[in-house]
Amino acid sequence: MKSFSGLERLVPDYIKNFEAYIPSKPDDELKKLYGCSRLYRLNNNENPLGPPETARRVLEAFEPARASLYPSGDCYHLRSKLADIFGMHPDQFLAGNGANEVIAFVIKAFCQQGDNIITADKTFAVYEWVARFSGFEARLIPLVNYGFDADGMLERIDERTRIVFICNPNNPTGSWWDQAALRSFLDRIEGRCIVVVDEAYREFVEDPEFPDSMKLIADYPNLVVFRTFSKMYGLAGLRIGYLAAGNEVVDIIRRTCVVYSVNTMAQAAALTALDDTGHVARTREVVKTGKRFLLKELDLMGLPFVNGEGNFVMVRLPISDSLAYRKLMTRGVMVRAMTGFRFPNWIRITVSHMEALEAFVDAWSKIQREGRDFQALSKTLCQLRSV
Ligand SMILES: *Cc1c(COP(=O)(O)O)cnc(C)c1O
């Protein structure tokens, strides 16, 4: 291929300094690479139950001819349904190609050159990434006790701060702000910037003290709430998420939306997923059972962990997370290595069904045993050598 000698000049510095995210390979490739016959994915916090029955039926009955038609450009029916559910107006909702896309909508809508956003250092990284590869500063405030630090963030806000991103519950630590904490933060912000509360795991939380953020929108016109169908509703592969906010803020954000980014199947599945009343309870039960088992086994294996809300648990390992990732992969278990989240030597495990969790526990026990055998062997070798 011919080299592009003028390329350098065309690339902004903030792109030059940015490294592309490398997604994991498809399962068939990974199985070949690591020599395992089956693979348990515990890396993406997916729902092991899959989509609700109601959504499955819609997907099965999907008429192929509809694929030739553009989808509803503004997710008309989905927004009406969300408005009914939350007692709001359909115009207060904007759907995107996953919550990931609505992150970009909000940043594009409010940031210009010289502006900054604020979030935590150890949280979902996409807020930081979109800001940085769009040329904006991302101010990362260290977590305190694994949770978002309200005082720390307030201290760093200046006149160029446009958005504060709070992940509630936080991925990966599971920490969360209750209603009082969120209200107090919003009061202290006094409308100086947009406050995004990313509630990707909201549906997993049963505690009544968890904020009713949709209601808070009426009191705080600078509040934006994110939700997704990828986690609880098991539709990650169809890519659909949404934001909710006051009318004035949504009117601004809507200007940056790419029309037709949410496909027809995703819209139809999401719409019906909300009808399945048993799905949320069943999933919570799976997570509860899975966590009980996993936490007990982690204790037995002597692995420290951070367990909060959400369908995941963060675990500290005695070896590097990338080495652990590879060792687990050869045994058919895929976890999230946490160096990318600034938690080196930690992994995040999705609380999936028992079979998958047992596979993890089994794999890790064997890895630990091998490690001990190896240590014992090297010790013996040293002793032999010194004789
Ligand atoms: C998974 C996740 C998302 C992204 O969800 P998509 O709708 O699949 O793009 C957003 N925020 C957090 C915290 C997540 O964990």
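Not measured: the values here are computed from a predicted model.

1. Notes on the overall build of the protein chain
- Each helix and strand in the protein chain was counted, giving 15 helices and 12 strands.
- By the compact-globule yardstick of 21 Å for 387 residues, the protein chain fits well, its C-alpha radius of gyration being 23 Å.
- Across its three principal directions, the C-alpha atoms of the protein chain cover 80 × 60 × 50 Å.
- Every one of the 387 residues in the protein chain was classed for burial, and the buried ones make up 50%.
- Partitioning the intrachain contacts of the protein chain with sequence separation of at least 6 by distance along the chain shows that 73% fall at a separation of at least 24.
- A total of about 19,000 Å² of accessible surface is found on the protein chain, and carbon and sulfur atoms cover 52% of it.
- On the protein chain, the mean spot of the 48 positive side-chain charges and the mean spot of the 48 negative ones are 6 Å from each other.

2. A word on the domain arrangement of the protein chain
- With domains assigned, the protein chain is organised as domain 1 (10-42 + 278-386) and domain 2 (53-275).
- Between the C-alpha centres of domain 1 and domain 2 the distance comes to 28 Å.
- Listed per partner, the contact involves 25 residues of domain 1 and 27 residues of domain 2.
- Interface of domain 1 and domain 2: buried area, both sides summed, is about 2,400 Å²; carbon and sulfur atoms make up 65% of it.
- In terms of surface lost to domain 2, no three residues of domain 1 exceed Phe18, Glu309 and Arg342, which account for 26% of the buried area on that side.
- Ionic pairing is found between Glu206 and Lys288, a salt bridge with its closest N-O pair at 3.5 Å.
- In this structure, the connection of domain 1 to domain 2 is made through seven residue pairs in polar contact (both at pLDDT 80 or more).
- For the side of domain 1 that touches domain 2, the elements supplying multiple residues, two or more each, are α2 (13-16), α13 (277-300), β10 (312-316) and β12 (346-350).
- Looking at which element gives the most residues to the side of domain 1 that touches domain 2, the answer is α13, with six residues.

3. Notes on helix α14 (residues 321-330)
- Inspection of α14 places Asp321, Ala324, Tyr325, Leu328 and Met329 among the buried residues, and these make up the whole buried set. For α14, the arc enclosing every buried residue in end-on projection is 135°, short of the 170-degree limit, so these residues lie on one face.
- Of the residues one or two after α14, Gly332 is the one with positive phi, at around 80°.

4. A short note on the sheet that holds strand β1 (residues 40-42)
- Across the sheet, five strands lie side by side as β1-β11-β12-β10-β9; this open sheet has mixed pairing. The sheet is open, and its two edges are formed by β1 and β9 (305-306), each paired on a single side.
- As defined by bridge partners, β1 adjoins strand β11 (residues 333-337) across three bridges and the pair is classed as parallel. In the sheet register, Tyr40 faces β11, and the bridge partner there is Val333.
- On top of the sheet, α13 reaches β9, β10 and β12; it is set at about 5° to β10, its chief contact.

5. Here we look at the site of the ligand
- Around the ligand, 13 residues are found, and the nearest of them are Ala99, Asp198, Thr228, Ser230 and Lys231.
- For the ligand, an oxygen atom lies 2.7 Å from a polar atom in the side chain of Tyr201.
- Within the side chain of Lys231, a nitrogen or oxygen atom sits 2.9 Å from an oxygen atom of the ligand.
- Notes on the ligand: free accessible area 390 Å², of which the protein chains cover 95%.

Thresholds applied
- Residues numbered from 1 in each chain as written.
- Predicted model: local features only at pLDDT ≥ 70, side-chain atom pairs only at ≥ 80, totals over all residues.
- Heavy atoms only, no water.
- Helix = DSSP H or I, 4+ residues; strand = E, 2+ residues; numbered from the N terminus.
- Rg over C-alpha atoms; globule rule 2.2 N^0.38 Å.
- Buried < 20%, exposed > 50% of the residue type's maximum accessible area, 1.4 Å probe, protein only.
- Contact = heavy atoms within 4.5 Å.
- Areas by Shrake-Rupley, 256 points an atom, 1.4 Å probe, with all protein chains shown as cover.
- Lys, Arg positive; Asp, Glu negative; His and termini not counted.
- Charge placed at Lys NZ, Arg CZ, Asp CG, Glu CD.
- Domains from an automatic or database assignment.
- Buried area = accessible area lost by both parts, 1.4 Å probe.
- Salt bridge = Lys/Arg side-chain N within 4 Å of Asp/Glu carboxyl O.
- Polar contact = N/O pair within 3.5 Å; in protein donor to acceptor, adjacent residues only side chain to side chain.
- Arc of directions from axis to C-beta.
- Pairing = 2+ DSSP bridges.
- Axes fitted to C-alpha atoms, helices over the stretch in contact; angles between N-to-C directions.
- Near = heavy atom within 4 Å.

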